[in-house]
Amino acid sequence: MKIESSKTFETLKTLKNTGYVTLISLAAEDLSPNLEGESEFLLTYTLYNPVTKAFEEIETTVNSEIHSVSSLFKSANYDECEIYDLFGIKFKNHPNLKRIFLDENFEGHPLKNDYKQDKTLPEREI
């Protein structure tokens, strides 16, 4: 199901209330640049209903920011941090949005299409 990014939180909340209580995965893909030459990302939420054994996939496109669903699904906490770290998408109202793979001083987001491969990690003291 494809939805507008502004309706993501409410749609997922409704699905959770109808039995889709497990967020199996949250994945991102960089679609940049879009037709207007701007950054655009595809987010795919995969939900599972253990009673009916049904899956539901929700897709939305976002430019740089979207509302966090970590208050609905605890598993989203880690996925949103991963996506922020590697793609640079900000999740509003996330309880602790931070880098989890890369050093805090690392510049850029390596899974973005416009990321320059020649960047290196600054030296740090151990």
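Before reading further, recall that the structure is shown in the block above.
Since this is a predicted model, take the numbers as computed values, not measurements.

Caption draft 1: Local environment of the nonpolar core. Ranked by internal contacts, the top residues of the largest apolar core, which has 23 residues, are Leu-12, Leu-43, Tyr-45 and Ile-89. Put simply, the parts of the chain that give this core at least two residues each are α1 (8-17), β1 (22-30), β2 (41-49), β3 (54-62) and α2 (76-87). With residues up to four places along the chain from it excluded, the contact list for Leu-12 reads Tyr-45, Leu-47, Ile-58, Val-69, Leu-72 and Phe-73.

Caption draft 2: The sheet that holds β1, seen in detail. Spatially, the 3 strands line up as an open sheet ordered β1-β2-β3, and their pairing is antiparallel. Strands at the two margins of the open sheet, each flanked by one partner only, are β1 and β3. For this sheet the average axis-to-axis angle between neighbouring strands, irrespective of direction, equals 15 degrees. Of the strand pairs in this sheet, β2 and β3 are connected by 9 bridges, and their pairing is antiparallel. Paired with Thr-46 across the two strands is Glu-57, which belongs to β3. Each of β2 and β3 touches α1; the most contacted strand, β3, lies at about 175 degrees to it.

What counts as what
- Residues numbered from 1 in each chain as written.
- Predicted model: local features only at pLDDT ≥ 70, side-chain atom pairs only at ≥ 80, totals over all residues.
- Heavy atoms only, no water.
- Core = buried A, V, L, I, M, F, W, Y, C linked by side-chain atoms within 4.5 Å.
- Buried < 20%, exposed > 50% of the residue type's maximum accessible area, 1.4 Å probe, protein only.
- Helix = DSSP H or I, 4+ residues; strand = E, 2+ residues; numbered from the N terminus.
- Contact = heavy atoms within 4.5 Å.
- Pairing = 2+ DSSP bridges.
- Axes fitted to C-alpha atoms, helices over the stretch in contact; angles between N-to-C directions.

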